Amino acid sequence: MSSESEIPKPDQEGEDESSKSASKKAAKKEAAKQEKLRRRQEAALAAAAASSLSIEEDPLAANYGNIPLQDLQSKVEADLKAWTQVGDLTHELKEKEVLIRGRAQTTRAVGKNMAFVVVREKGFTVQCVVTARPDVVSKQMVKFAAGLSRESIVDIHGVVSVPSIAIKGTTQQVEIQVSKLYCVDKAMPTLPINIEDASRSEKEIEEALEAGEQLVRVNQDTRLNYRVLDFRTSANQGIFRIQCQVCNIFRQFLLSEDFVEIHTPKLIAGSSEGGSAVFKLDYKGQAACLAQSPQLHKQMAICGDFGRVFEIGPVFRAEDSYTHRHLCEFTGLDVEMEIKQHYTEVMDIVDHLFVTMFDHLNKKCSKYLEAVGRQYPFEPLKYLPKTLRLRFEEGVQMLKEAGVEIDPYGDLNTESERKLGQLVLEKYGTEFYILHRYPLAVRPFYTMPCYDDPKYSNSFDVFIRGEEIISGAQRVHVPEFLVERAQACGIDVSTISTYIDSFRYGAPPHGGFGAGLERVVMLFCGLNNIRKTSLFPRDPLRIAP
């Protein structure tokens, strides 16, 4: 979802209407489901309270139990070196004593003398074995471990062991022989969704159906309604840690290229992109709206002699788009820079930045990519060391040769973009490429026309797996021409007067681009819906949680 102006594609209208109707029905059904679940949870809590009995006196009671609140109120400073993360539990720690904290993902009793507790932390899991032993672990402790409610927070002391047979169902191939076990915080006895159910792949569910077994499928609306629980799956832990690295590389690369990070206002007086797709609001009696992009202000920063700037921040679009790739609020990755001679200088930054990013993700985030792939299988992104660049006219010609009729001065719709992506992959062996010199009529008012043909512009889009992730261009920096272009696009010039005035004081030629963080992650990971890569999605039907 780029920061540049984006006109809904013609083939989205049918998708929007059907998705809207389906989403409303799903929302109504989900509301009834939530109310039923709330009543079940209240009943479960009441039953748990009613059945609470005094613990039989146990000489080893100090080795387990619920930690009192007063002990959790930061009474004693901790030695953090004493703690081990679940993801760091490997064969090298065999016979070492460790202390871990995580969630009780599953518990299972094996008679009265043994229980298994699978503990999860940040998507990594380890099997903990509680075995009755004289002077260490009592039968009451085994019973306590087996009775832990799923997703409760627990602290476990024990010794690492390496079983002779591979452990199924956990990421770590070691076990912990438990000597002490404490519950830090109890989860409700009945959860709205089980993490085990939410972690299943479609392939697992389909294979179970073929075998005559019915497995729970957690649909998207349910996941988003209970997003805090949904976050706990290994796939989601991977997705959002990958997203973190996308921002990290974006920032670090641009800083190394002499860019300055800026923070532009999100409350503005008029539309930053043109059109009516803005969230309007009252600003102390004045008409205002939420910024559709940092476009105007990042250009003003260039006029203020910053030379090269970037921003990572929220972007708001009021479009009624109910597609798999549109949101009403997303995180923009925006760049603006002086141009010395040609707008290809901006494309050079795009090329180097994203190839560096993809290389880093593949090298440094392999564990997270594997976690995502287990639930949402995908093929690694194919890209070239030097990013392919095609002119818009070349793309149109490729489509025509494939039997797709395209208006040479119109925009590409979603179907055409996907088809072109397929053709480019077949011909050039890449799923990441740049298409430039777009028709001027489909670009924002501030886009510079081509010197040799005013029907085209010094602009570009960038695609991953046949879907657009970036829009960019050289900007119009001559104020008189900017006024002319704004009026031609139906924009009230008075609402952007301070923007236009900033070019009256002398402005260097410049250009830039905008990308949507969620869309970049979605397409890099081969996911089918942008809501999977948005922490708390905001679309036309959702503004909670």
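Basis of the calculations
Residues numbered from 1 in each chain as written. Predicted model: local features only at pLDDT ≥ 70, side-chain atom pairs only at ≥ 80, totals over all residues. Heavy atoms only, no water. Phe/Tyr/Trp six-rings, centres within 6.5 Å; stacked < 30°, edge-to-face > 60°. Helix = DSSP H or I, 4+ residues; strand = E, 2+ residues; numbered from the N terminus. Buried < 20%, exposed > 50% of the residue type's maximum accessible area, 1.4 Å probe, protein only. Polar contact = N/O pair within 3.5 Å; in protein donor to acceptor, adjacent residues only side chain to side chain. pLDDT = per-residue confidence, 0-100. Contact = heavy atoms within 4.5 Å. Pairing = 2+ DSSP bridges.

Let us look at the packing of aromatic side chains. Tallied over the full model, the rule gives 15 aromatic pairs. With centroids separated by 5.3 Å and ring planes inclined at 80 degrees, the aromatic side chains of Phe231 and Phe536 adopt a geometry described as edge-to-face. Note that Phe231 is positioned in the loop between helix 6 (227–230) and helix 7 (234–256) and Phe536 in the segment after helix 15 (517–524), a separation of 305 residues in sequence. Given the relative accessible area of 15%, Phe231 is considered buried. Look at Phe536 and you get partly exposed, because its relative accessible area is 33%. On the basis of an interplanar angle of 35 degrees and a centroid distance of 6.0 Å, the ring pair of Phe354 and Phe432 is categorised as tilted. Note that Phe354 is positioned in helix 9 (residues 344–364) and Phe432 in strand 14 (residues 432–436), a separation of 78 residues in sequence.

Next up on the list: the side chain of Lys266. Note on placement: Lys266 falls in the loop between strand 7 (260–261) and strand 8 (267–268). According to the relative accessible area criterion, Lys266 is buried, its value standing at 17%. Here the side chain of Lys266 touches Thr264 through a polar contact of 3.0 Å, side chain to side chain. A distance of 3.0 Å separates polar atoms of two side chains, one belonging to Lys266 and the other to Glu311.

Here we take up the confidence of the model for the protein. Residues at a pLDDT of 70 or more form 90% of the protein, whose mean pLDDT is 91. A low-confidence stretch, residues 5–11 stays under pLDDT 50, and its non-local contacts, those more than four residues away or across chains, total 20 contacts. Segment residues 49–55: pLDDT under 50, and one contact once partners within four positions in sequence are set aside and those in other chains are kept.

Take unusual backbone geometry next. Ala544 connects to Pro545 through a cis peptide bond whose omega is 0 degrees. With respect to the helices, strands and loops of the structure, Pro545 is situated in the segment after helix 15. Although it is not a glycine, Glu95 adopts a positive phi angle of roughly 70 degrees. Position of Glu95 relative to the elements: it lies in the loop between strand 1 (64–66) and strand 2 (97–109). Residue class for Glu95 comes out exposed when judged on its relative accessible area of 64%.

Before going further, it helps to spend a moment on the pairing of strand 4 (residues 124–131). Burial analysis of strand 4 places seven of its eight residues in the buried class, the great majority of the element. Across eight bridges, the pairing between strand 3 (residues 114–121) and strand 4 is antiparallel. Note on strand 4: the bridge partner recorded for Glu121 is Phe124. Between the end of strand 3 and the start of strand 4, which pair antiparallel, lie two residues, with Lys122 showing a positive phi angle near 55 degrees. Bridge analysis of strand 4 against strand 6 (residues 175–185) gives three bridges, and the strand direction is parallel. Residue pairing in the sheet places Val129 in a bridge with Gln177 of strand 6.

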